[in-house]
Amino acid sequence: MYSNIARNKRKTVYIFVGFIIFIGVLGWLVSMYLGHPILTPYILIGALIYSLITYYSGSKMALAVNGAQEIQKKDNPRLFRIVENLAITEGLPMPKVYIMNDPAPNAFATGRDPKHAAVCATTGLLEIMNDSELEGVMAHELGHVKNYDIRVSMYAFALVAVVSLIADFILHITWFSNNDNKNPVFAIAGIVAVIIAPIAAAAIQAAISRQREYLADATGAMTTRHPEGLASALEKIGQYGSSLQ
């Protein structure tokens with residue numbers, strides 16, 4: 001399992017390097033269209049700043065968008081104690097615990113590192129899971145925290161946001177500007193960039209997420225020493241058409 005984690009980290013680095021090069025190409029296209037090639041490094045610096053802002057605010061945004069509410073032990077002793085015990089077992093800092101009012105059974109983890117992590121469960125999940133199943137689900141989410149999967153996902157989200165922003169800008173300056181000397185090459189590049197951005201986003205998520213989900217399952221099973229609990233939980237969640245994140 002540890003060799004798989006190391007291999008995944010290397011693959012992730014390759015993917016991110018390729019994505020950054022892609023951002024650089026988009027920045028160069030913008031610079032060439034505006035007739036100022038020297039703007040390319042400034043565009044890259046701006047993209048980096050935007051990515052960092054997105055990266056550091058992504059966790060709060062995810063929780064706020066989903067309407068998740070932070071709880072303490074007195075609010076839901078069952079969930080809080082399960083997370084607390086798992087964190088102790090894994091040697092992780094205690095993450096913040098959230099509950100989201102949603103009948104669909106689901107859970108997710110967020111945060112850029114174990115010291116800034118949070119786990120969230122829906123009310124639907126808490127209703128249908130017994131203690132063993134809930135423990136398996138939360139062990140899976142803490143597996144993501146332990147393996148730094150959330151950090152990787154947030155990096156990916158930030159880079160995808162940058163590509164979408166630059167692609168949208170290219171489309172506007174090539175099709176909606178008042179420039180009478182529009183270069184059809186850049187117009188085509190704008191269309192291609194806008195098309196590629198969501199495809200690239202999906203490709204990155206697929207390349208990064210699938211194997212990391214398997215590793216989170218394995219990490220969770222090693223933590224609880226009871227893989228049947230997670231297996232039963234996944235079966236119940238699947239019946240509702242949901243999946244763990």
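Above this note sits the structure.
Residue positions within a chain follow its written sequence, with the count starting from 1. Reporting of local features is limited, given that this is a predicted model, to residues whose pLDDT is at least 70; pairs of side-chain atoms are given and counted only at 80 or more, and all residues count toward the totals for whole chains, interfaces and linings. Working from all heavy atoms in the structure, the side-chain values ignore hydrogens and water.

Peer 1: Can you explain the overall build of the chain? Please cite residues and give values.
Peer 2: Strands are runs of DSSP state E lasting at least 2 residues, helices are runs of H or I lasting at least 4, and numbering of each runs from the N terminus. A count of helices and strands for the chain gives eight helices and four strands. In sequence order, the secondary structure elements of the chain are arranged as α-α-β-α-β-β-β-α-α-α-α-α. Residue burial is assigned from relative accessible area. The probe radius is 1.4 Å, only protein chains are included, and a residue is buried under 20% of its type maximum, exposed over 50%, and partly exposed in between. Looking at the 245 residues of the chain, the share that counts as buried comes to 44%. Across the chain, the fraction of contacts at a sequence separation of at least 24, relative to all contacts at a separation of at least 6, is 67%. The Shrake-Rupley method, run with a 1.4 Å probe, gives the accessible areas here. Residue values count only the displayed protein chains as cover. Only carbon and sulfur atoms are counted for the fraction: they give 63% of the accessible area of the chain, which is about 12800 Å². Any two residues having at least one pair of non-hydrogen atoms within 4.5 Å are treated as being in contact.

Peer 1: Quick one: what's the story with the sheet that holds strand β3 (residues 107-110), residue by residue and with numbers?
Peer 2: Two strands make a pair as long as DSSP finds a minimum of two bridges between them. Across the sheet, four strands lie side by side as β1-β2-β4-β3; this open sheet has mixed pairing. Edge strands, defined here as strands with exactly one partner in the open sheet, are β1 (69-71) and β3. Averaged over all adjacent pairs, the angle separating strand axes in this sheet is 30 degrees, with direction ignored. Alignment of β3 against strand β4 (residues 118-122), held across four bridges, turns out to be antiparallel. Opposite T110, over in β4, you have A118 as the bridge partner. Here the axes come from fitting lines to C-alpha atoms, over the contacting stretch only for helices, and the angles between their N-to-C directions go from 0 to 180 degrees.

Peer 1: Please set out helix α2 (residues 39-65) residue by residue, giving values where relevant.
Peer 2: What is called the bend at a residue is the angle between a pair of axes, fitted to the seven residues leading up to and ending at it and to the seven starting from it. The largest bend in α2 comes to about 50 degrees, at G58. Every buried residue of α2 is accounted for by T40, A47, S51, T54, Y55, G58, S59 and L63. One or two steps after α2, the chain reaches G67, where phi turns positive at roughly 65 degrees.

Peer 1: Outline the environment of F22, supporting the account with residue identities and numerical values.
Peer 2: With respect to the helices and strands, the residue F22 is situated in helix α1 (residues 2-34). Taking C-alpha positions, F22 is 8.3 Å from V163, a pair spaced 141 residues apart along the chain. Here F22 is in contact with V163 and I196, once residues within four sequence places are set aside.

Peer 1: Please provide a residue-by-residue account of the pattern of salt bridges, values included.
Peer 2: Once their charged atoms are close, side chains differing in charge can pair, the charge on each being opposite to the other. One speaks of a salt bridge when a side-chain nitrogen belonging to Lys or Arg is within 4 Å of a carboxyl oxygen belonging to Asp or Glu. Taken as a whole, this structure holds five salt bridges when the rule is applied. Salt-bridge contacts for K146 lead to E90; the nearest nitrogen and oxygen are separated by 2.8 Å. In this pair, K146 sits in helix α5 (residues 131-146) while E90 sits in helix α3 (residues 77-90), placing the two residues 56 residues apart along the sequence. By relative accessible area, which is 13% here, E90 ends up buried.

Peer 1: I'd like to hear about the packing of α5 against helix α8 (residues 227-239), residue by residue, with values.
Peer 2: At a minimum axis distance of 7 Å, the contact between α5 and α8 shows a crossing angle of 90 degrees. Of the possible angle classes, the one that applies to α5 and α8 is roughly perpendicular. Contact with α5, carried on its side by S132, E133, G136, V137 and H140, involves G229, L230, S232, A233, K236 and I237 of α8 and no other residues of that element. For the contact of α5 with α8, the residue count by class is four nonpolar, five polar and two charged. Just so you know how the angles are binned, under 35 degrees is roughly parallel, over 145 roughly antiparallel, 65 to 115 roughly perpendicular, and the rest oblique. Any residue that is not Ala, Val, Leu, Ile, Met, Phe, Trp, Tyr, Cys, Pro, Asp, Glu, Lys or Arg is counted as polar, Gly included; the first ten are nonpolar and the last four charged.

Peer 1: How would you sum up the packing of α3 against α5? Please name residues and give values.
Peer 2: Here α3 crosses α5 at 50 degrees, and the two axes come no closer than 10 Å. One way to sum up the angle between α3 and α5 is to call them oblique. Two packed elements cross with a definite hand, and for α3 against α5 that hand is right-handed. Contacts between α3 and α5 pair R78, L79, I82, V83, L86, A87 and E90 from the former with D131, L134, E135, M138, A139, L142 and K146 from the latter. Counted by class, the contact of α3 with α5 contains nine nonpolar, no polar and five charged residues. Each crossing gets its hand from how the near helix is turned against the far one by less than a right angle, where anticlockwise is left-handed and clockwise is right-handed.

Peer 1: Just give me the short version of unusual backbone geometry, but keep the residues and values in it.
Peer 2: Residue Y148 is not a glycine yet carries a positive backbone phi of 60 degrees. At R225, a position not held by glycine, the phi torsion is positive, near 60 degrees. Position of R225 relative to the elements: it lies in the loop between α7 (184-224) and α8.

Peer 1: Help me get a handle on the nonpolar core, residues and values and all.
Peer 2: Residues grouped as a nonpolar core are buried Ala, Val, Leu, Ile, Met, Phe, Trp, Tyr and Cys residues, joined through side-chain atoms within 4.5 Å. Counting residues in hydrophobic clusters, the biggest one holds 28 residues, and the most contacted among them are L79, V97, V119, L125, L134, V137 and M138. In terms of residue count, the dominant contributor to this core is α5 (six residues). Aside from chain neighbours lying at most four places away, what touches L125 is A104, P105, N106, A107, L134, V137 and I237. Formed by 17 residues, the second largest nonpolar core is a distinct cluster that contains F16, F19, L159 and I173.

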